[in-house]
Amino acid sequence: MYQLIFVIVLVLVWVAAEWGGLAIRVFGDRTDLDRVGKEPGLYIVNHPGDIDILTGLTLAYEFNILTTLKAIVKKSLLYVPGLGMIFYASEYLFLDRKWSADQPKMTAMLKQSQKYPYPISFILFCEGTRFSKEVQTERLKYARSKGLPELQHHLIPKTKAFSSMALGMKEGTNLPSLFDVEYAFPFGIPSVMSILEGRSTEVHIHVRRIPMSKIPSSEADLDDYCHKLYQEKDQLLCEYYEKGRFNCEEYKREGRLRRKILSHVNALVWFCVALFPPSLLALKLALDAYWLLLSIPIGLFVFVTVIFEVTLRKGLKDFKPKDNVAKEKYH
């Protein structure tokens, strides 16, 4: 079952990294990064855009934890066509954003993780939703009312999920570490549409390992710790955008070419599987004289429509004054 999930999720990785041109560069202390993929943990990740899960899956593939990483996400993702089914099969936890309903789910998930034959890691977006100016304005009002420091590049985190996960980890799970993960986009934050359109971009990822022994044990202290953690994350991004880089060396894993080849072969196999049934149908229709005769006027209609569309677009383009044409460049 998990082999099937792997080859399905690997298609998403291929779409992001190969089709969409999402280049990942990882930074951090080598001692910390050598532990990623070798020990389970809770990954606390910032949420700047709508491709953050795709970025996380691509990073997980780089560190060989694609099938052992479970994301904690909002329930609305369950209803995204195709993607929701993949997340459900991968046993992601879907939150209702009602603590009375979500807390039992998280407790049950942590208990279930101990029954797996291999260690399970979790990824959590404490901000709750992706960063936007509108949401940031609302969160800043809340921060001022509670006397919390204001953040520039993050939303004020929601601490209950973090506290629940951290307490569960301290009460007997096999998660020895917390990994602080920070996404930074030097050429602007891409969207799912820009990935599908194949507009290449780059993401710089900073990873820091924090042993569970350094994390508080009470819920109140964990709430404060989560806020301090996000203040540190925000300071890190402020320094990054000021200097244009993280203040540490890039980490490069071995075997990238092998992983790239496997991703391409997997995508090719799925492409052939998807095309096989319609190809058989097209062949059958082509061999049928009735459909062959019917296809002639249909083909002629399509041909005329395409010629008309191209001619119309060219005419409109030539009609525009050249000094009013602005070509948008995506970085």
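Model, not experiment: these values are computed from the prediction. (Residues numbered from 1 in each chain as written. Predicted model: local features only at pLDDT ≥ 70, side-chain atom pairs only at ≥ 80, totals over all residues. Heavy atoms only, no water.)

Draft legend 1. Layout of the overall build of the protein chain. A count of helical and extended segments in the protein chain gives 11 helices and 8 strands. Counting the 331 residues in the protein chain, one finds 41% classified as buried. Considering only intrachain contacts with a sequence separation of at least 6, the fraction spanning at least 24 residues in the protein chain is 77%. Accessible surface, the protein chain as shown: approximately 19300 Å² in total, 62% of it carbon and sulfur. (Helix = DSSP H or I, 4+ residues; strand = E, 2+ residues; numbered from the N terminus. Buried < 20%, exposed > 50% of the residue type's maximum accessible area, 1.4 Å probe, protein only. Contact = heavy atoms within 4.5 Å. Areas by Shrake-Rupley, 256 points an atom, 1.4 Å probe, with all protein chains shown as cover.)

Draft legend 2. How the structure looks around the side chain of Gln136. Positionally, Gln136 belongs in helix α6 (residues 133-146). A polar contact is formed between the side chain of Gln136 and the backbone oxygen of Gln152, at a distance of 3.1 Å. (Polar contact = N/O pair within 3.5 Å; in protein donor to acceptor, adjacent residues only side chain to side chain.)

Draft legend 3. How the structure looks around the pairing of strand β7 (residues 201-211). For β7, a buried count of 9 out of 11 residues is recorded, marking the element as mostly surrounded by other parts of the structure. Sheet topology note: the strand β1 (residues 22-28)/β7 ladder contains 7 bridges and is parallel. Looking at β7, one finds that Ala23 is bridged to Glu202. As judged from the 8 bridges shared by strand β6 (residues 177-184) and β7, these two strands associate in the antiparallel manner. For Leu178, the partnering residue across the bridge sits in β7 and is Ile210. (Pairing = 2+ DSSP bridges.)

Draft legend 4. Focus on unusual backbone geometry. Residues other than glycine seldom take positive phi values, yet Asn64 does so here, at roughly 60°. Positive phi, normally seen in glycine, also occurs at Arg97, with a value near 65°. As for its placement among the helices and strands, Arg97 is situated in the loop between β4 (93-95) and α5 (99-113).

Draft legend 5. Representation of the sheet that holds strand β8 (residues 250-251) in the model. One open sheet accounts for 8 strands, arranged β4-β3-β5-β2-β6-β7-β1-β8; its pairing is mixed. Each edge of the sheet is formed by a strand with only one pairing partner; in this case those strands are β4 and β8. Set on the sheet, helix α7 (residues 159-170) makes contact with β2 (41-45), β3 (69-74), β5 (121-124) and β6; between it and β5 the angle comes to about 165°. (Axes fitted to C-alpha atoms, helices over the stretch in contact; angles between N-to-C directions.)

Draft legend 6. Inspection of the layout of surface pockets at higher detail. Here the largest pocket defines a volume of roughly 850 Å³. Residue lining of the largest pocket: 33 residues in total, with His47, Val73, Lys74, Leu77 and Gly128 positioned closest to the centre. For the lining of the largest pocket, the residue count by class is 20 nonpolar, 4 polar and 9 charged. (1 Å grid on protein atoms, 1.4 Å probe; cavity = no way out; pocket = protein on both sides within 12 Å on 5 of 7 lines; lining within 4 Å. Points joined across faces, edges and corners; volume = space filled by probe spheres on them. Nonpolar A, V, L, I, M, F, W, Y, C, P; charged D, E, K, R; others polar.)

Draft legend 7. Examining empty space enclosed by the protein more closely. With the rule as written, the count across this model stands at 5 cavities of 30 Å³ or more. Approximately 110 Å³ is the volume attributed to the largest cavity. Among the secondary structure elements, those contributing two or more residues to the lining of the largest cavity are β2, α3 (52-62) and β6. Looking at the lining of the largest cavity residue by residue, the classes come out as 13 nonpolar, 1 polar and no charged.

Draft legend 8. Spotlight on the nonpolar core. Ranked by size, the top nonpolar core spans 42 residues in total, and within it Tyr43, Leu57, Leu66, Val181, Ile205 and Val207 carry the most contacts. Secondary-structure elements contributing two or more residues to this core are α1 (2-19), β1, β2, α3, β3, α4 (83-89), β6 and β7. In this structure Leu57 touches Val9, Leu12, Val13, Leu66 and Tyr92, once residues within four positions along its chain are discounted. Within the second largest apolar cluster, 32 residues are counted, among which are Leu93, Phe122, Phe162 and Leu229. (Core = buried A, V, L, I, M, F, W, Y, C linked by side-chain atoms within 4.5 Å.)

Draft legend 9. Local environment of α7. Along its 12 residues, α7 runs 16 Å from first to last C-alpha, staying within 8% of the 16 Å computed at 1.5 Å per residue. Buried residues dominate α7, accounting for 10 of its 12 residues. The complete set of buried residues in α7 reads Thr159, Ala161, Phe162, Ser163, Ser164, Met165, Ala166, Leu167, Gly168 and Met169. Tucked inside the fold, the buried residues of α7 contact β2, β3, α5, β5, β6 and α9 (219-243). (Expected span 1.5 Å × (residues − 1).)

Draft legend 10. Examining the packing of α7 against α9 more closely. Look at α7 against α9: their axes get within 9 Å of each other, and the N-to-C directions meet at 120°. If you check the angle between α7 and α9, you find them oblique. By crossing handedness, the relation of α7 to α9 is classed as right-handed. Contacts between α7 and α9 involve Thr159, Phe162, Ser163, Ala166 and Leu167 from the former and Glu219, Leu222, Asp223, Tyr225, Cys226 and His227 from the latter. (Parallel < 35°, antiparallel > 145°, perpendicular 65-115°, else oblique. Left-handed = near helix turned anticlockwise from the far one by under 90°.)

Draft legend 11. Inspection of the pattern of salt bridges at higher detail. Going through the model one piece at a time under the given rule, you end up with 17 salt bridges. Of the charged contacts in the structure, one is a salt bridge between Glu202 and Arg25, with a shortest N-O distance of 3.5 Å. Here Glu202 is found in strand β7, whereas its partner Arg25 is found in strand β1, with 177 residues between them in sequence. A relative accessible area of 18% places Glu202 in the buried class. Relative accessible area serves as the criterion here: at 30%, Arg25 is assigned to the partly exposed category. (Salt bridge = Lys/Arg side-chain N within 4 Å of Asp/Glu carboxyl O.)

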